[in-house]
Structures are given as structure tokens and as C-alpha cells.
Amino acid sequence: MWAGGVGSPRRGMAPAPTDDLFARKLRQPARPQLTPHTFEPRPSPARGPLLRSGSDAGEARPPTPASPRARAHSHEDAGRPAVVPTRLFADPLVLLGLPREEPEPAFPPVPEPRWFAHYDVQSLLFDWAPPGPRGAGGHTEAGPGSLASAEGRTASSDLLLEAPGFVSELGGEGELGLGGPAAPPLPPALPNAAVSVLEEPQNRTSAYSLEHADLGAGYYRKYFYNKEHQNFFGLDEALGPVAVSLRREEKEGSGGGTLHSYRIIVRTTQLRTLRGTISEEALPPGPPRGLSPRKLLEHVAPKLSPTCLRLGSASPKVPRTLLTLDEQVLSFQRKVGILYCREGQGSEEEMYNNQEAGPAFMQFLTLLGDVVRLKGFESYRAQLDIKTDSTGTHSLYTTYQDHEIMFHVSTMLPYTPNNQQQLLRKRHIGNNIVTIVFQEPGSKPFCPTTIRSHFQHVFLVVRAQAPCTAHTSYRVAVSRTQDTPAFGPILPPGGGPFAANADFRAFLLAKALNGEQAAGHARQFHAMATRTRHQYLKDLATNEVTTTSLDSASRFGLPSLGGRRRASPRGAGAELQAVGALVWGVRAAPGARGAAGAQGSSPDGAEVPCLLGISAEALVLVAPRDGRVVFNCACRDVLAWTFSELQLDLYHGRGEAITLRFDGSPGQAVGEVVARLQLVSRGCETRELALPRDGQGRLGIEMDAEGFITHVERFTFAETAGLRPGARLLRVCGQTLPKLGPEDAAHLLRTAPKVCVTVLPPDESGRPRRSFSELYRLSLQEPSRRGAPEPVPDEAPGVALMPLTKQLLRVCLSDGSSPPGPGDLAEERTEFLHSQNPPSPCSSLSDEAPVLPDTTPDLLLATTSKPPAPSAGRETPPAQDGPAGPSGGEDGGDPAPELRASFWPRTLSLRNSISKIMSEAGNETMEDEWQSISEIASTCNTILESLSREGQPIPDSGDAKETPKSDAEPEPGSLSEKVSHLESMLRKLQDDLQKEKADRAALEEEVRSLRLQARS
């Protein structure tokens, strides 16, 4: 009856509103027709902020209007538009009081091109993106991993006040690593900020390393300058001015063939340069005449427009300009300001107006450097007047690690009376990047905001304690701008105290040099360097090019290139033999987690996206976000690895571990990394063992404090599982041994109901595996540092051996267990930089590695002359009546003084020769040689120690000429015979080393003559 009539619910006047739910339900419009469902893929909606990982809540959806039914059951007016309610909690876990689920960090993209062997660290961070307003590569202010964000504080002390825009370091901050601040590494390991070149050995030659230095800037000088190569310049639309250098190299392979590779440098406006090598086997096959520069750059630099490049001119200005462009970051002349703050002072005006230096300040200056006369000074002058004395008559100058340092001392610069600002002094000190603020006892804390300067970015505050006394010491604090990255050496807790000695001088000079180098990453200096680089590149691309395009350029002009047809690539195995650093994208975390991903030794389970670079010399992890190295170790320090399809646990050093997770196809990236590690390191795969207990609850093994298995009982579960003496435990019950410590590890082995261990098997000869750092530190340790000397019984003979001495002599000099001879050591020199054998899965990279000069030192055994007469110097059998027999001395009952004097100079000579070997052998000495030489050195030191306990002190120097000699005849089997045996062993080692040098020189000469004959 309501059809179309008045009062119909579908037409006519709207009914009056009512609170009856049934009536409101009846009056709602008819339900719309159902939309047919299709299985076609819907367009993906725009991604919004993730609310929760792995759920649909992370997708941002458009607001859906409320349906009439929803409005009918609500208390809102039906005529009002629907309002989307505001979500009070983005994650339901927060509502329940649980921690928020954070999305997993993404894997960093692998730098292009693939299989490119990078020369240094900053080449890993090269970015093909167009430079921004600030330029790529600068230090991110307070970014993740920086010291300001890691510590989240700026502190104050009696030396230094906190200030906005500055970060304070008061001591104990530690080095920033993968898991946060850590203790600074011990030699020969390098701090993370000191790692630069990856293709070549980078040795630590002093206690304090120089950091933030781009040592790879000499790449063009070393491999391109004065050598045949090609330079191309151009103006790219996206990258701006570009300079490219190409050079083709050839080396003799192990199989008699010729191996070719390309060295490449790509320079853009950003301060990071692409430097490295790519093997010809990694490139696509080319024509018979070889690969053209265009085809090479299309593979290596696909984002670079090849049409914009033109061949550089043959003018000598081009290579000189490229040298200046690359090496502008290398400077070995530095200037540092020094301000003098008296007792009760603290402001800038008070420090600048101190006319004379006090005794405490003069003592500090004398420790720091030398006072020099400026007039006629010929070394680095740092803008000081050396002709008319307009900037003072004297200044402070010193040298440190090949750097010249001139100090601008406030009290040595001209003083202007009645002038509070002292502009003549501030003109020099205010333009320095690093300033040392010396404080006398009782001075006010220094505040960096009191210094009004745009250049001073780093302040080293030094306060003297008990000056001008025999107990003078210093405390140090550091203040740096927020955009200056942290730099070493690391301050000890409390900033000291440091004794007034040469070690403190080296610490302070290294801190000043590293501070100025780190300040180059600050925004102001980064922009200045970018502008200078842009001008150099633009001048080359505009004024130093020819009309020859990239297409018409010659194919590198090598004689052997035209007649050789390139074979097809051999796969990934050939590329893995490169000397430079190959790169993978990983997520890294400290500690080993095991194959199942269980938390291991890491207290902080956060994974950091990193670039993993493995070269023939080093392994590094670089955080691409802030451009810093978070982990590094030498390849010879790699002990072992445990891997699964997408994870690898790497053990290094003393057994420390890191976990690496990979992306992509399961097993592909992990297999490449394992194959690379087998080529460049002496490590191996670990074994995971579960050790059940016997009926008495014992495991049946004995372990020393370092984790080496010393004894395995027969017919036990441990022996059945394959555990042998000489094996090394790396992890016990999921915890690495360096973190556990010997006591906790022994407690777990005794009490844990289920013992699961990660074992490093011994080497092929059955000896325990040690890293190079461990062998290096063991070779430098004195036996006296291991414990107190054992007492000598009164009734012992005059030359009685200590138990430790007898043990070492038995190990080193016995016939059955003597150390390898020099010939054996020469055969075991399998370092890939000097190997002439074909590459094996665990040996060398001789095909790709350059041959470095031989640095093996000559042995200097004869520091003192032997006794002239045979009757006085040769050893003859004594009488058989015991130690109280006759002798040639006055006290015939005790021949010990004469016997000690007879072979004391020879033992000192042996020790000095061995010390020379260990200090100068460098990287050519293998681990087996280190082990053998360290055993001989320990024997000599123990002999000297036993003699010292007999009453004669050990000289510190190697000069033994003043040691008295004697004509006494020692007993057979005494220390003198064993010292003679040591002398003969070292003479044989010297002869073999000289023979090896001669053979190597003859072989190189023969290869050189064959090459000349082949080319002619």
C-alpha cells in the first residue's frame, strides 16, 4: 500500500527520527549488489609507515566510509559524514605493555660492478648517485654509530665544560666497533679508523696509529704515473665533471700463460674515488683485438654516460693535475695552536693576554718539541715569518711519524699591549683546526664556546699535576664539534694521569694529528674540499681534452693484445683470486650464534647492515650509512668459520667471533665467502660436537687456559667423537671462550648437563692453530712475565738449569722434536704474495698478487769476538771429579762465574739477532717461522734469566763488549754447548736465507730475459 504513495519509506517525505532500533533497521536503504570476485592481481597500494612487521597492519589503506549499518548502531547523527576514528596505539603490543617489534634492517646493496676488487676502504663506499647539496661522503652528524649517538651525552669535568654543538670526551669511551664501544686493539691489529688500504699490507709500526687518512690517494702515483695508461674526461649530466683513468696489466700465471687485468680510477665531484682492479676473466668475451675502453666502462661504470667522455691530452700538465687532485688529502705538514691558561683563568681574552710562559708551561713545551729560531728556519714554517721576525723570534717545532708539526704558541707570538683581542696572536691560532689548551693547576674548566672561531674544531685540554717535580703528570680531555667523527688514541678512564715521558708526547701528537684529519669530514671542510675538487675536474674536462671519443680510442696499446683471442669466462672461481677487496652485502652482529641462530656470546643482538670486504690482506666490515669501519682483522688472524645456507660465524684473533647473515639464494653468497676465505687465510671449518659424560660424569678431556686440548682419555666419548690433543675449543655451550674466561669455561665443562662445543681441529702436522697476532705477542713476551722465577736450591751446582730452562731446551734442542730447519721453513713459505706454485683451495693467490721486495734481514751474529786462542776459547771435557774439580780461576771450587762469562756475550748476540729478525721480517715471515724463532728466543731469554738469578744482571742493550771473558773450560752438556748449538742453527738459517735471496734474484732475471726474448 506504500508503493509510490505518500509516506512510503522509498519515496516522499522522510520519516521522523526515532530511537527504535527496529524502525531504524527497517528504514535503511536496500543492500547494494555484490561485486563479482576476480582472481586478477590488484594494484599494490602505496606503502605507508610500517606498524608491525609481517602483518597487514603495515599497509596504508585509504579511509573506508562507514556503512549505514554501522551508523545505525552508533550514537552519531545519520546525516553527518563518517569520521575515521584516531588510532591511539600504532602497535597492539604496546597496548599490552610488550616491546615494539622493529622491522629487520635491510641488506645494503652491493656496490657496482660485481667482482670489482677495491683498492681501499673509501672505494667500497663510492656512490654513483648524483652529489647532493653537501656532497656525498661527508660525516653524518650524530648519526647511528657516531660517538654522540652511541653515548647520548655531553659531559663536564674539572677540565672541560659541556657546550652546545660540541661533544666531550673525558676518558673511557673506547673504540666504536660492531657491538658498541670496545677496548682499543693491541699491536699488530689496527684501530678501525686507521684501516685504509686493503690490497696491500698495512702494518702498525708504532703504539699509536694515525687515523682517518686516505692512504689510497697514492694509487695513481703508484700504478699509473709515468706508465702507459689512458685518461678520459667529460661532463656527465647527472654526475657532473668526471675523470677516468684506465690501465691494462699483464702477469705471468702459474701455468705459463698470461693473466690480464684492468686498473681503473673513476673520479667524480664527491670526495670518494673508485679505485681497484677487475680481472679480464670477469668481463664478457670481447673481439680478437681485445676489449675496448667503451666496453670496459659499460661493464664497470654502467651509470656513466660514455658519450660525454673524451681522451685526455698528451700534455704533461694532465698527470700532474691528477696527482694534485688525488693527493690533496695527503699532507705531511701540520700546524697546531697552543693556548696558555694560568691559575684562575678560563676566558679567551685571559689566555691570549698571557705575555710570559710559566715554569709548568715551559716544562710542557720542552716535552712536546724543540724551540727553534724562526729567522733562517728551512723546514715547515706554518705561515710564520722567517725573514723579519714579524711573527716572533722563536717557535716550537717537532716531527712525528713522517709529519712535520709547527706549533703556534700563544706566548711566543707577538704581544700587543693595551689590546684585549691580541689579533696578531689570534690570527695564527684562530686559523688552526686543532688547539691544545694547557691548564695550570687551579685554572677554571675550559668551555669551547668561549673561543670565537670558524676553523677551530678540536680542543685538546691538558692539565698539569705536580708540575716541575719528579712526579709531574698530565690529564687530558677532548672537545670536538658534533660533525667531527671520533678519533683515537682512546683516552683512559678519567683522562689519565699520564706520566711526563715520551709515551705521553707520542699520545698527544697522535691525538692532534688524528683530530685534524678527522675534522676534514666536518661539514665546513668537506664543502671546501668538494668545491676545490669540482674546479679541478671541470678544468680538465674543459681545457685538457682532445676530439677523440671513447668509441675511437685505442685498445690500451699493449703488444700482446692484438694477437690473443680471449677465452670465455671461467666462472666465479677466477674472480675470487683477486688481490683487492671483493664485496658482499651482509647484516653483522658481534658473537657467534650457531647455525640455528641462537644467541651466543653477543650481549647486544642488534644486526648492523654492513659491506663485507675481503682482500688478500684484510677483512673489513664497513657501515655504509655513516661511512666508517666497524670491524677489521688481518686475513692471517682468521682462525675458522662455521656456516649454513644464509649465515656464517667467523672466528678470529684469540677466538672472538662475529656473525654474518647473507641475502639472496641460499648458499650462494656463503659459498663465495668461504671459497674466498680458503684462498686468503689459513683458517678452516670448525666442527660442532656434543660431548656426553661417562658413568662418573666426566668428559675425558683436559684443557689449558687458552682453550687447547692437552689430553684426551682413551676409549671415551670425546675420543670417539674425534677430539684430539692440539684441538682448540672456540665455543662452549654457546659462549665464546674469550668472553667466558678460563674459570667460567672450566665450570661449564664440569657442571653443564649437556656440553656442546665448537672445535677448531689442529693443522696438518698436528700442532694447535694460532692466529698471527697470538704468535706475534708470544714472541715478544719475556718468560719472566709468565710468573715468578722458581727458587734455586743451595746445594745445586754453579750452573744448574731451572726446570723451565730444561723444559725449553729439551723442546728446542732435542733430536726427536727439534724445530724445523731453515730448509723446511723456506719450503713452507706459502704466502700468496711470494708463492710460485699453482693456486690450491687452501694456498695462495700468486697469479694476481704483485711481487713485493724481499725484506728478510741479514743475521748479525758476531756482536762480540770469540776468544782468540783455541786453548782459551774452545770447550774441552773437564775432569770427572764433579763440579768441584780444578779450574783456571782463583776460586777453583766454583767455576760458575767464569762459565757464565764465557758464553754470556754469545747468548746476548743470539738474542739480539733474533730480535732483529722479529722486528724487521715483516709480512714475509710465515707463522711457522715465527713459532720456531720465538722458541729459540724464549730459550735464549730463559738462559739469561737463569744466569741473572745466579747473581749477574742482564744488560738491556745489545752491546756485550764490556762483558768480562774467561778462559775457563765448561763441562760437557752444559749451557755453553747448547748455546753453541743455537749459534750453529742460526748460522744455517742465515746461509739458507742468503741462498733463497740469490735463487730468487736469478729466477727473476731469467723471467725478465725470457719476456724480452718473447717480445722481440
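**Here's the deal with the packing of helix α8 (residues 317-326) against helix α13 (residues 523-543)**
At a minimum axis separation of 11 Å, α8 and α13 run at an interaxial angle of 165 degrees. Comparing the axis directions of α8 and α13 gives the class roughly antiparallel. Our pair here, α8 against α13, has a crossing hand that is left-handed. Residues K317, T321, L322, T324 and L325 of α8 form the contact with α13, whose own contacting residues are R533, Y536, L537, D539 and L540. Partitioning the contact of α8 with α13 into residue classes produces five nonpolar, two polar and three charged.

**Quick notes on the sheet that holds strand β8 (residues 274-279)**
The strands making up a sheet associate through hydrogen bonds between their backbones, and the pairing can be parallel or antiparallel. Spatially, seven strands are ordered β1-β8-β7-β6-β5-β9-β18 in an open sheet, and the strand pairing comes out antiparallel. The sheet is open, and its two borders are formed by β1 (117-118) and β18 (545-549), each paired with just one other strand. Sitting on the sheet, helix α7 (residues 293-300) touches β5 (230-236), β6 (240-252), β7 (258-267) and β8, and the angle it makes with β6 is about 105 degrees.

**Observations concerning the side chain of R769**
Structurally, R769 is set in the loop between β32 (755-760) and α18 (772-780). Within the buried set, R769 has no salt-bridge partner at all; the shortest N-O distance to an opposite charge, 4.3 Å, is to E764. A polar side-chain atom of R769 sits 3.1 Å from the main-chain carbonyl oxygen of R682. Among the polar contacts listed, one links the side chain of R769 to the backbone oxygen of P761, at a separation of 3.0 Å. Other than its neighbours up to four places away in sequence, R769 contacts L639, R682, C684, F708, R728, L760, P761, P762, D763 and E764.

**What about the sheet that holds strand β27 (residues 687-691)?**
Spatial strand order, β27-β32-β30-β31: four strands in an open sheet with antiparallel pairing. Edge positions in the open sheet fall to β27 and β31 (735-736), since each of these has one partner strand only. Across four bridges, the pairing between strand β30 (residues 728-732) and β32 is antiparallel. Bridge pairing links R728 to L760 in β32.

**So, the nonpolar core**
Grouped together as the largest cluster of nonpolar side chains are 58 residues, with contacts concentrated most on W584, L612, L621 and F662. Per element, the largest residue contribution to this core is seven residues, and it comes from helix α15 (residues 668-680). L365, V409, L460 and V476 belong to the second-largest nonpolar core, a separate cluster that totals 41 residues.

**Observations concerning the pairing of strand β13 (residues 403-409)**
When you tally the buried positions in β13, you get seven out of seven residues, the bulk of the element. Neither face of β13 is open: one carries H403, I405, F407 and V409, the other E404, M406 and H408, and all of them are buried. By the bridge criterion, six bridges tie strand β10 (residues 333-341) to β13 in an arrangement that is parallel. Note on β13: the bridge partner recorded for V336 is F407.

**Let's talk about the pattern of salt bridges**
Tallied over the entire structure, the rule returns 35 salt bridges. Between R114 and E672 there is a salt bridge whose closest N-O contact spans 3.2 Å. Here R114, found in the loop between α3 (92-95) and β1, pairs with E672, found in helix α15; they are 558 residues apart in sequence, far enough to count as distant. Here R114 falls in the partly exposed class, since its relative accessible area comes to 30%. Between R628 and D626 there is a salt bridge, with its nearest N and O atoms 3.0 Å apart. Overall, the relative accessible area of 22% leaves R628 in the partly exposed class.

**Considering unusual backbone geometry**
Following P187, the chain continues into P188 via a peptide bond in cis, with omega recorded as 10 degrees. Considering the arrangement of structural elements, one finds P188 in the loop between β4 (180-182) and α6 (219-223). A cis amide bond links G488 with the next residue in sequence, P489, at an omega value of 0 degrees. If you trace the backbone, P489 turns up in the loop between β16 (473-481) and β17 (498-499). Even without being a glycine, N418 presents a positive backbone phi close to 55 degrees. Along the polypeptide, N418 turns up in the loop between β13 and α11 (423-429). Positive phi is not limited to glycine here, since F715 has a value of about 60 degrees. Note on F715: relative accessible area 74%, which makes it exposed.

Procedures and definitions
- Residues numbered from 1 in each chain as written.
- Predicted model: local features only at pLDDT ≥ 70, side-chain atom pairs only at ≥ 80, totals over all residues.
- Heavy atoms only, no water.
- Axes fitted to C-alpha atoms, helices over the stretch in contact; angles between N-to-C directions.
- Helix = DSSP H or I, 4+ residues; strand = E, 2+ residues; numbered from the N terminus.
- Parallel < 35°, antiparallel > 145°, perpendicular 65-115°, else oblique.
- Left-handed = near helix turned anticlockwise from the far one by under 90°.
- Contact = heavy atoms within 4.5 Å.
- Nonpolar A, V, L, I, M, F, W, Y, C, P; charged D, E, K, R; others polar.
- Pairing = 2+ DSSP bridges.
- Buried < 20%, exposed > 50% of the residue type's maximum accessible area, 1.4 Å probe, protein only.
- Lys, Arg positive; Asp, Glu negative; His and termini not counted.
- Salt bridge = Lys/Arg side-chain N within 4 Å of Asp/Glu carboxyl O.
- Polar contact = N/O pair within 3.5 Å; in protein donor to acceptor, adjacent residues only side chain to side chain.
- Core = buried A, V, L, I, M, F, W, Y, C linked by side-chain atoms within 4.5 Å.

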